[in-house]
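# A look at the structure
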Amino acid sequence: MFSLFKKKNEPETKPRFCCWVLNYRCMFRCRMCRIWDVHDDGKVETTLEEKKKFVRSLRELVDPGFEFHLSGGEPLLTEGIFDLIRFIHEEGHKTNLVTNGFLVNKAVAEKLVDSGLGTVTFSLDGLTAATHDSLRGMAGSHQKILQAIEHLNGFSDRKLRIAILTTIMEKNMDEILDLVEWVQQDKRLDMISFQAVTQPFGEEMDADWTRKERNSALWPQDPSKASAVMQRLRELKVKGYKIGNHPDHFLQFSDYFLAPNKFLRKVKCNLGDYEFHVDPYGKVFFCCLMDPIGNIKTGSLPAIWSAPQTKKTREAVYACRKNCHIMANCFFEPEATTQGEKKT
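By convention here, each chain's residues receive numbers from 1 onward along its written sequence. Reporting of local features is limited, given that this is a predicted model, to residues whose pLDDT is at least 70; pairs of side-chain atoms are given and counted only at 80 or more, and all residues count toward the totals for whole chains, interfaces and linings. Only hydrogens and water are removed before side-chain values are computed, so all heavy atoms of the structure are retained for them.

### What to know about helix α3 (residues 106-115)
To be explicit about the condition: Exposure classes here rest on a 1.4 Å probe applied to the protein chains alone. A residue is buried below 20% of its type maximum, exposed above 50%, and partly exposed in between. A run of H or I in DSSP becomes a helix once it reaches four residues, and a run of E becomes a strand once it reaches two; helices and strands are each numbered from the N terminus. For this quantity, the arc is that covered by the directions from the helix axis to the C-beta atoms. Within 3.5 Å is the distance limit for a polar contact, defined as a pair of N or O atoms, with the added protein rule that one can donate a hydrogen and the other accept it, and that residues adjacent in sequence qualify only through two side-chain atoms.
Regarding α3, the residues found buried are Val 108, Ala 109, Leu 112, Val 113 and Ser 115. In an axial view of α3, the angular spread of the buried residues amounts to 165°, which keeps them on one side of the axis. In this structure, α3 carries Lys 106 and Asp 114 as exposed residues pointing more than 90 degrees from its buried face. Of the residues that open α3, the one with a side-chain oxygen 3.2 Å from the backbone nitrogen of Ala 107 is Asn 105. Positive backbone phi, approximately 90°, marks Gly 116, located one or two places after α3.

### Overview of the packing of helix α2 (residues 81-90) against α3
Defined as follows: For every element, the axis is a line fit to its C-alpha atoms; helices are fit only across the contacting stretch, and the angle between N-to-C directions ranges from 0 to 180 degrees. An angle counts as roughly parallel when it lies under 35 degrees, as roughly antiparallel when it exceeds 145, as roughly perpendicular when it falls between 65 and 115, and as oblique in every other case. Crossing handedness follows the turn of the near helix against the far one: under a right angle anticlockwise gives a left-handed crossing, and clockwise gives a right-handed one. Note on definitions: a residue-residue contact is assigned when non-hydrogen atoms from the two residues lie within 4.5 Å. Here the nonpolar group is Ala, Val, Leu, Ile, Met, Phe, Trp, Tyr, Cys and Pro; Asp, Glu, Lys and Arg are the charged ones; every other residue, Gly included, is treated as polar.
Contact geometry of α2 with α3 gives a least axis separation of 8 Å together with a crossing angle of 20°. Viewed along their axes, α2 and α3 adopt a mutual orientation that is roughly parallel. The way α2 lies across α3 gives a crossing that is right-handed. Residues Phe 82, Ile 85, Arg 86 and His 89 of α2 pack against Val 108, Lys 111, Leu 112, Asp 114 and Ser 115 of α3. A breakdown of the residues in the contact of α2 with α3 according to their chemical character gives four nonpolar, two polar and three charged.

### Focus on the pairing of strand β2 (residues 67-71)
The condition is simple: At least two DSSP bridges between two strands are needed for those strands to be called paired. For crossovers, right-handed means that the path from the first strand over the helix to the second runs clockwise, given strands pointing away from the viewer.
Most of β2 is tucked away, with four of its five residues classed as buried. In the sheet, strand β1 (residues 17-21) pairs with β2 via five bridges, with the strands oriented parallel. Opposite Val 21, over in β2, you have Ser 71 as the bridge partner. Relative to strand β3 (residues 94-99), β2 runs parallel, the two sharing four bridges. In the sheet register, Glu 67 faces β3, and the bridge partner there is Lys 94. Since β2 and β3 lie parallel, the crossover through α2 that links them has a hand, and here it is right-handed.

### Structural notes on the sheet that holds strand β5 (residues 161-168)
Strand pairs in the sheet, formed through backbone hydrogen bonds, run parallel or antiparallel to each other. Strand order in the open sheet formed by nine strands is β6-β5-β4-β3-β2-β1-β7-β8-β9, and the pairing between neighbours is mixed. In this open sheet, the two strands that pair with only one neighbour each are β6 (191-196) and β9 (294-295). Sheet topology note: the strand β8 (residues 283-285)/β9 ladder contains two bridges and is antiparallel. From the neighbouring strand, Val 284 faces β9, where its bridge partner is Gly 294. Set on the sheet, helix α8 (residues 249-258) makes contact with β5 and β6; between it and β6 the angle comes to about 30°.

### Describing the pairing of strand β4 (residues 119-123)
Of all the five residues making up β4, five are buried; the element is thus mostly covered by neighbouring parts of the structure. Across the two faces of β4 the burial is the same, with Thr 119, Thr 121 and Ser 123 and Val 120 and Phe 122 all buried. Looking at chain direction, β3 and β4 are connected through four bridges and run parallel. Of the residues in β4, the one forming a bridge with Leu 97 is Val 120. The parallel pair β3 and β4 is bridged by α3, and the resulting crossover is right-handed. Bridge analysis of β4 against β5 gives five bridges, and the strand direction is parallel. Note that in β5 the partner of Ser 123 across the bridge is Leu 165.

So, in structure tokens, the structure goes:
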């Protein structure tokens, strides 16, 4: 069985990944997310200079290959976003921007390419406009993504990778495999990755959210059907399709859709090992359900990472037994499970 605790005197791991939520603002009204409804009156987002200072502070801490995952809200609503991406790129770090694509016209596409962005990931939740637009609460959003892909593809010398991120839900279950085939056949697209639907962001944790009528379009209603789709996704990944998930991730999705609360207790939380989160106001977290370990406005990441309080928080993460739905998607690694031998 995999231990939930690090061995005594085991050296701390350097961070390899930062999930940076740049703002909570968004023009969409997605059914699986209420981040746009987060009230932040009186709170001040980090300035561009504060962001650059934070990135600069990583020089003596991280190794080559460190990656920033830039998200929101809608990250393209962030003031100075193109300058920030360029600065991160010049510091030698990888970048991935997750966007709804609505603001990516030809001019924005050119700025993204010129900024040195490594990957742009479009949140696309349906092969058809009817499905995607309904889930995203914005008419025309599906067409905007298709146009954005074409705008980006128009730069023949681009090194920017184009990816798709899809949340698996009841409403789009019948389109998941067709989405994979579309990505596989479209030479403009480099990858599609999946995450399982969780309780909508911005709501208080509720273990019974999957049983609520208002979530019937989100939570898969037929576990056997969901399992069959997950099995096929695993087969396609093993076959070499352009799918970003580890093949065993789909086995865990299948278990999760069958019994979400039971499944989540079998997973070791690896937050604290090698990644951290930063919110729009500079607060640094291992886990959004625990207190922050610092703030980039007032401290450098190297100092925060090695602080005694950070060590205590890291140990609390390893010991956590909360039934956290976020674990369905959080930085999956096959060795993080306690299920014994891998399934085949």
